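Structure at a glance
Here is how the chains run, residue by residue.
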Amino acid sequence: VRMAQRRYVEAADLFAARYAKAPHAENLYVWAQALKLAGNPRDAADRFKQFEAKSLAESTLADNSNHELVLYYADEKNSPADALRIAKLELARRHDVQTLDCLAWALHRAHNDHDAAVHIERALSVGIKDPQILYHAGVIEKGLERRDLALKYLRDAAGRHSLWAAEELALLSAP
């Protein structure tokens, strides 16, 4: 809620407390994101580094943080090849909507929107309304120059409090 309210310092404090009680890699990842948005890049970089090491150590286990690791490589580290490698590793294990979304996002970041669209459409086919998945769908559709679909997904994601979707929607809607 604090992230959606753009109250990033408070969000970072809450995520720090959460990580102290449940020191899982995925909790470290969201804490790092909040620190970055709160304007604390040094602490964010430290947490992201810790997250990457912890997440890689568990990446072959059934209980892992591979979804977050894919997003980290795709968005924070700008390493689409690593994102794609982890997404494919996870896809070999499970075919849920989050894994399909992660694979689609990794493909998008690797400049392969045609294949990304196939996987994001499979994820959306079950009727999921997750703002992150809708945002990813909108950006992928934008990359394919399917403006109407991009607008549809981005509006839906923005209406569900996706900060990134709102920003992308403003860019797409500008004259």
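Above: the structure in question.
Residues numbered from 1 in each chain as written. Predicted model: local features only at pLDDT ≥ 70, side-chain atom pairs only at ≥ 80, totals over all residues. Heavy atoms only, no water.

Take the overall build of the protein next. Along its length, the protein carries ten helices and zero strands. Going from N to C terminus, the protein has its helices and strands arranged as α-α-α-α-α-α-α-α-α-α. Over its C-alpha trace the protein gives a radius of gyration of 16 Å, about what one expects of a compact globule, namely 16 Å for 175 residues. Taken over the C-alpha atoms alone, the protein extends approximately 45 × 35 × 25 Å along its principal axes. Relative to its 175 residues, the protein shows a buried fraction of 46%. Within the protein, contacts between residues separated by at least 24 positions form 45% of all contacts whose residues are at least 6 apart in sequence. (Helix = DSSP H or I, 4+ residues; strand = E, 2+ residues; numbered from the N terminus. Rg over C-alpha atoms; globule rule 2.2 N^0.38 Å. Buried < 20%, exposed > 50% of the residue type's maximum accessible area, 1.4 Å probe, protein only. Contact = heavy atoms within 4.5 Å.)

Moving on, we come to the packing of helix α1 (residues 8–21) against helix α2 (residues 25–37). When two helices pack together, you describe them by how their axes are tilted relative to each other and by the distance separating the axes. In the contact formed by α1 and α2, the axes pass within 8 Å of each other and the chain directions differ by 160 degrees. Comparing their axes, α2 and α1 come out roughly antiparallel. The two elements α1 and α2 cross, and the hand of that crossing is left-handed. Judged by residue contacts, Y8, A11, A12, F15, A16, R18 and Y19 of α1 engage N27, L28, V30, W31, A34, L35 and L37 from α2. Class assignment of the residues belonging to the contact of α1 with α2 gives a composition of twelve nonpolar, one polar and one charged. (Axes fitted to C-alpha atoms, helices over the stretch in contact; angles between N-to-C directions. Parallel < 35°, antiparallel > 145°, perpendicular 65-115°, else oblique. Left-handed = near helix turned anticlockwise from the far one by under 90°. Nonpolar A, V, L, I, M, F, W, Y, C, P; charged D, E, K, R; others polar.)

A rise of 1.5 Å per residue sets the reference length of helix α5 (residues 80–91), with its twelve residues, at 16 Å; its end C-alpha atoms lie 16 Å apart and thus fit the reference within 8%. All of the buried residues along α5 are P80, A83, L84, I86, A87, E90 and L91. Viewed end-on, α5 has its buried residues packed into an arc of 170 degrees, placing them on one side of the element. Relative to its buried face, α5 has exposed residues pointing more than 90 degrees away, namely A81 and K88. Next to the buried residues of α5 lie α4 (66–76) and α6 (97–109). (Expected span 1.5 Å × (residues − 1). Arc of directions from axis to C-beta.)

One number sums up the size of the largest pocket: a volume of about 1,000 Å³. Lining of the largest pocket is provided by 34 residues; of these, Y29, Q33, L71, Q132 and W164 occupy positions nearest its centre. Elements with a contribution of two residues or more to the lining of the largest pocket: α2, α4, α6, α8 (131–143) and α10 (163–173). Its residues placed into classes, the lining of the largest pocket shows 17 nonpolar, eight polar and nine charged. (1 Å grid on protein atoms, 1.4 Å probe; cavity = no way out; pocket = protein on both sides within 12 Å on 5 of 7 lines; lining within 4 Å. Points joined across faces, edges and corners; volume = space filled by probe spheres on them.)

Okay, the packing of aromatic side chains next. Under the defined criterion, the tally for this structure stands at seven aromatic pairs. With a centroid separation of 5.8 Å and an interplanar angle of 35 degrees, the aromatic rings of Y19 and W31 are classed as tilted. Remark: W31 occurs in helix α2 and Y19 occurs in helix α1; sequence separation between them is twelve residues. Pair check on accessibility: Y19 and W31 agree, each one buried. (Phe/Tyr/Trp six-rings, centres within 6.5 Å; stacked < 30°, edge-to-face > 60°.)

This next bit is on unusual backbone geometry. Its identity as a non-glycine residue notwithstanding, R6 has a phi of 65 degrees, on the positive side. With respect to the secondary-structure elements, R6 resides in the segment before α1. For R6, a relative accessible area of 45% gives the class partly exposed. The phi dihedral of N78 is positive, around 50 degrees, even though this residue is not glycine.

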